[in-house]
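Per-entry structural report
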Amino acid sequence: MRIPVYLAVAQWALLLALGVLVILMFRQLGRHLTVTRSPAELGPAVGSPAAGFEYVTLAGPGVPGGVPGGGRDGGPGGTAQSFQPGGGQASLVAFVDPTCPACEELVTALNAADTDGELTGTRPLLMVSEPPSYLQISEPFRATRLPLGQVQADATLEAYRVSATPLLVAIDGAGIVRAAGPATRRGDVRAFVTASLLPAPDGGGLPVVSGARDGHNPDMMTAIAGEERSLARKGEAAGG
Amino acid sequence: MNLVALAAKAGLAVMLLVAGSAKLADLASFAAAVRLLLTFRVPRGAVRAAALAVALTELVAGVASLVLPSAGWINPVVLALACGFVLVSGLGYLFHRGRSCRCFGALSNRRFDLAGIARSLAIAATAAVAMVRVPPAMTGVGPGSRTLLLASAAVVGLAAFSAARALGSARKLELETS
């Protein structure tokens, strides 16, 4: 039986359109599932001490050669590093993967924040768990100038409860988690930076830094608000 | 050349089907885009009716062009629609540059800009290519094939509608939380 030419052409056109639409919906569904996950399922508990971990440095375009496995910041490639939270230095750890569209949005936002100097005062770190060669398929990951490392142990992902990516964790100078949750936008990044720079609970009040309420992620802002309320209660109790 | 003409015809038909379905999924936003091009006061209901008419015209033209390939009258209708797109793109560029045209509902963020005019011109050129006469043997589809095409068109239309709904809802949610 011979299929009419038009039928074959039309079916191919329909199949192509259907494929594009399915990809659109798949991306949207993936974004929805990762971004709307509740903080109870994702990220370390706010107020708990952040865990230290080991990672291997990865390359980016700013590094001569620009190949995965090489080092960043002019350093040697693939060197083992240790992340130790606290020590008077606030940190912003982003668990991201190059194949996750929402992660690309977060890395884009972090890159822009870094370019505009909004990450000043905090130590940013991008952690991936996928193979380094995957970095080449994602433009924001290729373009990033931020420190980039590969998680070495599942224990790290378990300690930080990385059940989905992206996950952004704000850690203050005392090594305490001040905010944790999904983030994709510039406003989210600003709010996390602000959270990481909040003074330690023993240091007294909680000054709200300008722009602290610019965040767009309601889950994360809830976490910050909860932390502030808890500290306020402690302050009231101490005061009498 | 015959194959190119058939591909142009099928491609345009699918594009109209997707665009019409996506507009129907978020008619309120498309009505807002239609209102942009009306310089005189029009009741809200009339604007919505006009938006519905445009979306249904695209949908019907797309399905008819896809399912009835040998009907000669459809090609000029599609060409006229494509010329209408060029006109709308031009007017939008002149008076509302940078505003969203909602050409594919929530499926895209296409705006009234030079690229939009270029796209409309490309669509009109494709519609002109689809006007080329092809041997009837190449477009001859029987009732069974027509039913298959109609069913496929329904699936694609439904997928476009669902995708536009999902993306539209997500954007509204983002606007509310920002």
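In the block above lies the structure referred to throughout.
Please read all numbers here as calculations on a predicted model, not as lab measurements. (Residues numbered from 1 in each chain as written. Chains lettered and ligands numbered in written order. Predicted model: local features only at pLDDT ≥ 70, side-chain atom pairs only at ≥ 80, totals over all residues.)

A look at the overall build of chain B
Formally: Per the convention used, a helix needs a DSSP run of H or I reaching at least four residues, while a strand needs a run of E reaching at least two, with both numbered from the N terminus. Placing C-beta atoms from the backbone, we regard two residues as in contact once those atoms come within 7 Å.
Scanning chain B from N- to C-terminus turns up seven helices and zero strands. For chain B, the α and β elements follow one another from N to C terminus as α-α-α-α-α-α-α. Summarising the internal contacts of chain B: among those between residues at least 6 apart in sequence, 76% fall at separations of at least 24.

As for the interface of chain B and chain A
Accessible area lost upon the coming together of the parts serves often as the stated size of an interface. The condition is simple: Here the term charged refers only to Asp, Glu, Lys and Arg, the term nonpolar to Ala, Val, Leu, Ile, Met, Phe, Trp, Tyr, Cys and Pro, and the term polar to all other amino acids, Gly among them.
Across the contact, 28 residues belong to chain B and 19 residues belong to chain A. Only α1 (2-25), α6 (136-139) and α7 (143-177) of chain B provide two or more residues apiece to the side of chain B that touches chain A. Looking at the side of chain B that touches chain A, the element that brings in the most residues is α7 of chain B, giving 14 residues. Its residues assigned to classes, the side of chain B that touches chain A shows 20 nonpolar, eight polar and no charged.

A word on helix α2 (residues 101-115) of chain A
Residue and element names in this part refer to chain A. Formally: Multiplying 1.5 Å by the residue count of a helix minus one yields the expected span of that helix. Using C-beta atoms placed from the backbone, we call a residue buried if 20 or more other C-beta atoms fall within 10 Å of its own, exposed if 12 or fewer do, and partly exposed for counts in between.
The terminal C-alpha atoms of α2, which comprises 15 residues, lie 21 Å apart, in line with the 21 Å expected from a rise of 1.5 Å per residue. Buried within α2 we find Ala102, Cys103, Glu105, Leu106, Val107, Ala109, Leu110 and Ala113. The first or second residue beyond α2 is glycine 117, which carries a positive phi of 75 degrees.

Topic: the sheet that holds strand β2 (residues 80-83) of chain A
Residues and elements named next belong to chain A. Put simply, the rule is: Should DSSP find at least two bridges between two strands, the strands are regarded as paired. Fitting a line to C-alpha atoms yields each axis, with helices limited to the stretch in contact; the angle taken between N-to-C directions then spans 0 to 180 degrees.
Taken in spatial order, the seven strands line up as β2-β1-β5-β4-β3-β6-β7 in an open sheet, and their pairing is mixed. Two strands in the sheet have a free side with no partner beyond their single neighbour: β2 and β7 (177-181). Going from strand to strand, the sheet's axes swing by 30 degrees on average, the running direction of each strand aside. In the sheet, strand β4 (residues 122-128) pairs with strand β5 (residues 148-151) via three bridges, with the strands oriented parallel. Opposite leucine 126, over in β5, you have leucine 148 as the bridge partner. Across the face of the sheet, α2 comes into contact with β3 (90-95), β4 and β6 (167-171) while running at roughly 155 degrees to β4.

Overview of the packing of α1 of chain B against helix α3 (residues 44-67) of chain B
All names here are of chain B. Selection rule: For classification purposes, an angle smaller than 35 degrees is called roughly parallel, one larger than 145 roughly antiparallel, one from 65 to 115 roughly perpendicular, and anything else oblique. Each crossing is labelled by how the near helix is turned from the far one, with a counterclockwise turn of less than a right angle marking it left-handed and a clockwise turn marking it right-handed.
Packing of α1 against α3 brings their axes to within 7 Å, and their N-to-C directions diverge by 150 degrees. Classed by the angle they form, the pair α1 and α3 counts as roughly antiparallel. The crossing of α1 and α3 is left-handed. Within the contact between the two elements, α1 uses Lys9, Ala10, Leu12, Ala13, Val14, Leu16, Leu17, Ala19, Gly20, Ser21, Lys23 and Leu24 and α3 uses Ala55, Leu56, Glu58, Leu59, Ala61, Gly62, Val63, Ser65 and Leu66. The residue inventory of the contact of α1 with α3, partitioned by class, reads 14 nonpolar, four polar and three charged.

Overview of the pairing of β4 of chain A
Residues and elements named next belong to chain A. Test applied: A crossover gets the label right-handed when its path from the first strand over the helix to the second runs clockwise, viewed with the strands pointing away from the viewer.
Within β4, five of the seven residues are buried, which leaves the element mostly enclosed by the surrounding structure. Bridge count between β3 and β4: six bridges; the pairing is parallel. Bridged to serine 91 within β4 is arginine 123. Once you follow β3 into α2 and on to β4, the crossover reads as right-handed.

Remarks on the pairing of β6 of chain A
The two faces of the sheet receive side chains in turn, since in a regular strand these alternate between them. All names here are of chain A. For β6, a buried count of five out of five residues is recorded, marking the element as mostly surrounded by other parts of the structure. Here β6 shows two buried faces, one formed by Leu167, Val169 and Ile171 and the other by Leu168 and Ala170. Bridge count between β6 and β7: four bridges; the pairing is antiparallel. Among the inter-strand pairings, alanine 170 is bridged to a residue of β7, identified as alanine 179.

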